[in-house]
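Understanding the architecture of this molecule
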Amino acid sequence: MDIQPNSQRKPGRLAVACAMALSVFAIAACASAPAPETTPPTAAKVVVKPDGTVLVPAMSVPVSDYLSPEGKAYLTDHLTAMQNPEMIKEVEEIGAPMFLKTYMDRQAELYPFSKTDTSMGGVHVYDYTPVGGVSDAQKDRVLIDLHGGGFITCWPACAELESVPLASLGGFRVVAVDYRQAPEYKFPAASEDVAKVYTELLKTYAPENIGIYGCSAGGMLTGMSMAWFQAHDLPMPGAIGIYCAGAAPPVKGFGGDANYTATAIGEGRFMAPPTEEPASDKPARSLMPYLSEADPYDPLVAPTESDEILSRFPPTQIITGTRGFEMSAAVYTHSRLVKLGVEADLHVWEGMFHGFFYNPDVPESRDAYKVMIDFFNSHLGR
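Let me begin by describing the structure that accompanies this report. None of these values were measured; they are calculated from a predicted model.

1. As for the overall build of the protein chain
A tally of regular secondary structure across the protein chain gives 11 helices and 12 strands. Across the 382 residues in the protein chain, those meeting the buried criterion constitute 50%. Counting every atom, the protein chain has about 17,800 Å² of accessible surface; 56% of that belongs to carbon and sulfur.

2. Some thoughts on the packing of aromatic side chains
For the structure shown, the criterion picks out 19 aromatic pairs. Ring geometry for Phe151 against Tyr290: centres 4.5 Å apart, planes inclined by 15°, an arrangement best described as stacked. Taken together, the positions of Phe151 in the loop between β7 (142-146) and α4 (157-170) and Tyr290 in the loop between α8 (263-267) and α9 (307-310) put the pair 139 residues apart, joining distant regions of the chain. Each member of the pair, Phe151 as well as Tyr290, carries the same accessibility label: buried. With 5.5 Å between their ring centres and 40° between their planes, Phe254 and Phe325 make a pair best called tilted. Taken together, the residues Phe254 in the loop between β10 (239-243) and α7 (258-261) and Phe325 in the loop between β11 (316-323) and α10 (327-339) connect sequence positions 71 residues apart. As far as burial versus exposure is concerned, Phe254 and Phe325 are alike and both buried. An aromatic cluster of at least three residues, connected via ring pairs, comprises Tyr213, Tyr243, Trp349, Phe356, Phe357, Tyr358, Phe375 and Phe376. The positively charged end of Arg180 is found above the aromatic ring belonging to Tyr185, 5.4 Å away from the centroid.

3. A look at the packing of α4 against helix α11 (residues 363-379)
Following both chains from N to C, one finds α4 and α11 inclined at 65°, their axes separated by 10 Å at the closest point. Like other packed secondary-structure pairs, α4 and α11 cross with a definite hand, here right-handed. Where α4 abuts α11, its residues Pro165, Leu166, Leu169 and Gly170 lie against Tyr369, Met372, Ile373 and Phe376. Within the contact of α4 with α11, the residues separate by chemical class into 7 nonpolar, 1 polar and no charged.

4. Let's talk about the pairing of strand β5 (residues 113-120)
Across a regular strand the side chains alternate sides, sitting on one face of the sheet and then on the other. As paired elements, β5 and strand β6 (residues 123-130) share 8 bridges and run antiparallel to each other. The partner of Lys115 across the bridge, within β6, is Tyr128. Between the antiparallel neighbours β5 and β6 lie 2 residues, among them Gly121 with a positive phi of about 60°.

What counts as what
- Residues numbered from 1 in each chain as written.
- Predicted model: local features only at pLDDT ≥ 70, side-chain atom pairs only at ≥ 80, totals over all residues.
- Heavy atoms only, no water.
- Helix = DSSP H or I, 4+ residues; strand = E, 2+ residues; numbered from the N terminus.
- Buried < 20%, exposed > 50% of the residue type's maximum accessible area, 1.4 Å probe, protein only.
- Areas by Shrake-Rupley, 256 points an atom, 1.4 Å probe, with all protein chains shown as cover.
- Phe/Tyr/Trp six-rings, centres within 6.5 Å; stacked < 30°, edge-to-face > 60°.
- Lys NZ or Arg CZ within 6 Å of the ring centre and 35° of its normal.
- Axes fitted to C-alpha atoms, helices over the stretch in contact; angles between N-to-C directions.
- Left-handed = near helix turned anticlockwise from the far one by under 90°.
- Contact = heavy atoms within 4.5 Å.
- Nonpolar A, V, L, I, M, F, W, Y, C, P; charged D, E, K, R; others polar.
- Pairing = 2+ DSSP bridges.

These values are about where atoms sit, not about what they do.
What follows is the structure, encoded as structure tokens:
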């Protein structure tokens, strides 16, 4: 069978407020002092509409004090890049914006790896291993990476950025799947491709020794795949990682408060415009082209819509950031898993944004790699 990589089929896309803490002695001194000649400015009013919608006045949001110095600089650079047309212009050879190319080059310097361009079950994949080979501890294990990119782009860039650190630092074999994407393909094409690769790997690995993870669209697809596997009588893998995403209905972006509270301060732009729709209205369609013909509340798209499906998830790790536009979906997915008795592990990085761990030079990213590797090491083969 002639395999044509999806990368050849896809088109290009893509003030300061001070709080003063006074001791009781200072308070007493202030009480006896003359009243100031000026009065404090009137605070801007927050308006609450009858349906619960809150109108928030404009505000300045500084960089979080909890970030490392490198993290603060990284956030500032990211926000600036998101407003620079040249930095978000797609580089055809990597299927992703220019700013991701610098992270790919840096990861390649820090984390030596080997890559095989091949296919599994008729699906194009990249097979990543550490440059010295898979470690003895991981010889019976394998990870499957489902790359980000909105189900429309970012192959191979996102696949490489998500696979290389875990292969090199964790000693894993990582199979990155070049699943079918929009606009040529619609749901459930990607789920079908993941199932084909998974079925092929089941010929060599026990299901409990297989881990599946992904970021953004790939994180969503990880959850979708668990629902798809159940519908097609495939065994659950040993553990999964839903990163930069959730498993909730993908409407109005990723959904929830984060569309409005986190997106602008994490991306330097407002991707989910304000809506006048009542809070209870349920959009009939997802904004993602890949899901344009699907019901966003179908459990095969949004597993949180089915207790039966979600309760059968394997141990699940969820990673997000307080400035990630996916934060609400991630937190909601975690709460649903916990309620249903599924072992679930949530990590929320303060001050960080969508897909923050693609940059390997900040402590927050390296901490994220460690919790990913530790999670799979703790759960695979159990």
